[in-house]
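Remarks on the overall topology
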Amino acid sequence: ISFSELISNLLAFFVLVPSLIIMALSSRTDFYEVDKSIRSTLIRQSSHITQLTDNWLQNRSSAITSLAELAATRSPQEMQYHLEQAVTSDANILHVSLINTEAYSTASFPPKDETDQNSVGVHFAEQPYIVALKNNRKPMLFKGPPAKNVPSRPIFQLLVPVSIDGNYGGYVSGLLDFQHAQEHFTRSSEFIGTFYTLLDKNNKVLITNRPDQKVMQSFVRAPGIMHHLNDGISQWIPAKIPANTPIMERWKESVYLTESTITNLAEWRLIFEQPVVPAQKMLYHKYTQKLTVLALILLVSLFLAELLSRRINNIFERLGQITYHLSEKV
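A brief structural summary. Treat the numbers as computed from the prediction; the structure is a model and nothing was measured.

1. What about the pattern of salt bridges?
- Tallying each qualifying case throughout the model produces seven salt bridges.
- Here arginine 210 ties to aspartate 212 by a salt bridge, and the two come within 2.6 Å at their closest N and O atoms.
- Looking at aspartate 212, the relative accessible area reads 47%, which means it is partly exposed.
- Among the salt bridges present, the one from arginine 269 reaches glutamate 259, with a minimum N-O distance of 3.0 Å. Placement of arginine 269 in strand E11 (residues 268–275) and of glutamate 259 in strand E10 (residues 255–262) is noted, with a sequence separation of ten residues between them.

2. A look at the environment of glutamate 102
- Tracing the backbone shows glutamate 102 in the loop between strand E1 (93–99) and strand E2 (105–109).
- According to the relative accessible area criterion, glutamate 102 is partly exposed, its value standing at 48%.
- The spatial distance from the C-alpha of glutamate 102 to the C-alpha of histidine 123 is 8.2 Å, given a sequence separation of 21 residues.

3. Focus: the packing of aromatic side chains
- Tallied over the entire structure, the rule returns seven aromatic pairs.
- With centroids separated by 5.4 Å and ring planes inclined at 90°, the aromatic side chains of phenylalanine 156 and phenylalanine 178 adopt a geometry described as edge-to-face. Of this pair, phenylalanine 156 sits in strand E4 (residues 155–164) while phenylalanine 178 sits in the loop between strand E5 (167–177) and helix H4 (179–190), placing them 22 residues apart in sequence. For the pair phenylalanine 156 and phenylalanine 178, a shared accessibility class is recorded, and that class is buried.
- Here a set of aromatic residues connected by ring pairs shows up, and it is made of Trp56, Phe156, Phe178 and Trp268.
- Seen from the ring of tryptophan 236, arginine 221 lies directly overhead, with NZ or CZ sitting 5.9 Å from the centre.

4. Notes on the sheet that holds E11
- Strand order in the open sheet made by the six strands is E7-E6-E11-E10-E9-E8, with antiparallel pairing throughout. At either end of the open sheet lies a strand with only one pairing partner, and these are strand E7 (205–208) and strand E8 (224–228). With direction set aside, neighbouring strand axes in the sheet form an average angle of 25°.
- In this sheet, strand E9 (residues 233–238) lies alongside E8 in antiparallel orientation, the contact comprising five bridges. Bridging from a neighbouring strand, glycine 224 pairs with proline 238 of E9.
- Where helix H1 (residues 3–71) meets the sheet, it contacts E9, E10 and E11, and its direction lies at approximately 25° from that of E10.

5. Some words on unusual backbone geometry
- Cis geometry marks the peptide bond from phenylalanine 109 to proline 110, where omega comes out at -5°.
- Among the secondary structure elements, proline 110 is positioned in the loop between E2 and helix H3 (129–136).
- A positive phi angle is found at asparagine 203, which is not glycine, with a value near 65°.
- Its place among the elements puts asparagine 203 in the loop between strand E6 (195–199) and E7.
- Among the residues examined, asparagine 203 registers a relative accessible area of 25% and is labelled partly exposed.
- One non-glycine residue, methionine 216, lies in positive phi territory at about 65°.
- Considering the arrangement of structural elements, one finds methionine 216 in the loop between E7 and E8.

Each value, and the rule that gives it
- Residues numbered from 1 in each chain as written.
- Predicted model: local features only at pLDDT ≥ 70, side-chain atom pairs only at ≥ 80, totals over all residues.
- Heavy atoms only, no water.
- Salt bridge = Lys/Arg side-chain N within 4 Å of Asp/Glu carboxyl O.
- Buried < 20%, exposed > 50% of the residue type's maximum accessible area, 1.4 Å probe, protein only.
- Helix = DSSP H or I, 4+ residues; strand = E, 2+ residues; numbered from the N terminus.
- Phe/Tyr/Trp six-rings, centres within 6.5 Å; stacked < 30°, edge-to-face > 60°.
- Lys NZ or Arg CZ within 6 Å of the ring centre and 35° of its normal.
- Pairing = 2+ DSSP bridges.
- Axes fitted to C-alpha atoms, helices over the stretch in contact; angles between N-to-C directions.
- Contact = heavy atoms within 4.5 Å.

So, in structure tokens, the structure goes:
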């Protein structure tokens, strides 16, 4: 190996090795930053949507509860006006009915249903929730019947019992349109690629944007390992990944998720999930940029090392020429 080549390689080595060390440390820092960003985004998004859903339910519940309190002292004819006011003043309320103790509707708005049938005088005695309303005397929330024009439209039925002198006096039923609230779910999820699933107390899916889950079916997750992290965040790793898979590959296939509870009235659970794949693409993009910069630095360092090695070698060649046969000259 020539002396100039040795000098050139050493100079390039002293540039390349520190660059690789810096890149390794920086890449590890980027990984932890992405991990932290996923967790903080999930917590922030879950908190925002949970609060929004809580407020939506509380506002609708307050309106239907007020109607039930009025029904204790008003006749069905007088209640007709109040039912109309409740529906026309809130786009989230589709239909409200007053049901008496014999389970007949005595007032209703709109006065006709989707099939153009009169909604007053309808008998609801066969409904399974009648007994629970009489015994518990508490508001109840159910998944409502699907809309005929838009079957996928999320509709819920809120039932509030009427109390007359401490006795059961029927109930007020309100059909609530959850579509406007669901739009907030969709908008907040589309930008960062998260999945949301709203479950009832029986683990049935109410609304979701996950393609592998169906509405009003039990929520079933594929086999996998769940690791509980801090701040209410969990990491799910599918069981199909072999145990000897590299850490980055296991991380790529994993999903971060958080779960929150929606009011005692609904007894709903809201699950937000963030797949790692989009975040890993962003991380790999950073790695690509850094490797490109490192390659440019290496090329420049090789060029400069070649120039410096030639200069240094020229100095030694001149010294050799000067000292050639120096003893004979002396």
